[in-house]
Amino acid sequence: MEKPPTRYNVQLYIYDLSRGMARNLSPIMLGKQLDGIWHTAIVAYGDEFFYGGEGISSCSPGGTMLGPPDTVVELGETEVTDEIFMDYLSSLGEGTYRGDKYRLFEHNCNTFTNEVSQFLTGRTIPSYITDLPSEVLSTPFGQILRPILDSIHIAPSGGNVINGGRNA
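Residues numbered from 1 in each chain as written. Predicted model: local features only at pLDDT ≥ 70, side-chain atom pairs only at ≥ 80, totals over all residues. Heavy atoms only, no water.

Peer 1: Would you mind showing me how to read the packing of aromatic side chains here?
Peer 2: Pairs of aromatic rings are described using the distance from one ring centre to the other and the angle between the two planes. Evaluation of the coordinates by the stated rule reveals eleven aromatic pairs. Summarising the aromatic geometry, the rings of F85 and Y88 are spaced 6.4 Å apart at their centres and angled 35 degrees between planes, so their arrangement reads as tilted. Here Y88 and F85 lie together in helix α2 (residues 82-94), a separation of three residues that amounts to about one turn. Across this residue pair, the class does not change: F85 and Y88 are buried. In textbook terms, an aromatic cluster arises when at least three aromatic residues are bridged by ring pairs, as seen for Y8, Y45, F49, F85, Y88 and F119. (Phe/Tyr/Trp six-rings, centres within 6.5 Å; stacked < 30°, edge-to-face > 60°. Helix = DSSP H or I, 4+ residues; strand = E, 2+ residues; numbered from the N terminus. Buried < 20%, exposed > 50% of the residue type's maximum accessible area, 1.4 Å probe, protein only.)

Below, the structure written as structure tokens:
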């Protein structure tokens, strides 16, 4: 009899980088309500994986300077083995998700978690997270801030860079 494949749980850790300030200040600054400035990470195989200005990194769940997540979303299960997953991450880290490819609005931690979630589970992350950059940039103040915000590279400390740092 054939042994059923091992299934691994996949979670999305969601952090509000503004620590609640976006909820309070966004109506004044942007003219629309934003509930947070979201940083996300994938938790699978006993580790947390995220993308930032240093490339793809990992740590124990909740192990970055951000501490425990504000919200955990159960994305589902995967049959992808941890070995295949690490090969996949290495490939991403050598190309698409090198640290020098990070862009706060277009190619960020949320872009990474959305792609990894689809690879592992076939599901996307919540749209309120992926839509945040366009929400901000659709405002006059967002357009004024864009040149400043484009220079920001978020890389939560506490992780181990898997691959693909800032050098080509």
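Peer 1: Would you mind going over the nonpolar core with me for this structure?
Peer 2: Within soluble globular proteins, side chains that are nonpolar tend to cluster in buried spots. If you look at the biggest cluster of nonpolar residues, it comprises 29 residues, and the most contacted ones within it are I42, F85, L89, L92, F112, V116 and L120. Of all the secondary-structure elements, those providing two or more residues to this core are β1 (8-16), β2 (38-44), β3 (47-52), α2, α3 (109-121) and α5 (132-137). A total of four residues in this core trace back to one element, the largest contributor, which is α2. Apart from residues lying up to four places away in sequence, I42 is in contact with V10, Q11, L12, D47, E48, F49, L75, T113, V116, S117 and L120. Counting residues in hydrophobic clusters, the runner-up holds seven residues, among them Y13, A41, V43 and L66. (Core = buried A, V, L, I, M, F, W, Y, C linked by side-chain atoms within 4.5 Å. Contact = heavy atoms within 4.5 Å.)

Peer 1: Looking at this model, I keep getting lost on unusual backbone geometry. Mind explaining?
Peer 2: Excluding glycine, most residues fall at negative phi; most peptide bonds, likewise, are trans. Its identity is not glycine, yet R19 carries a phi of approximately 55 degrees, on the positive side. On the basis of relative accessibility, which here comes to 53%, the residue R19 falls in the exposed class.

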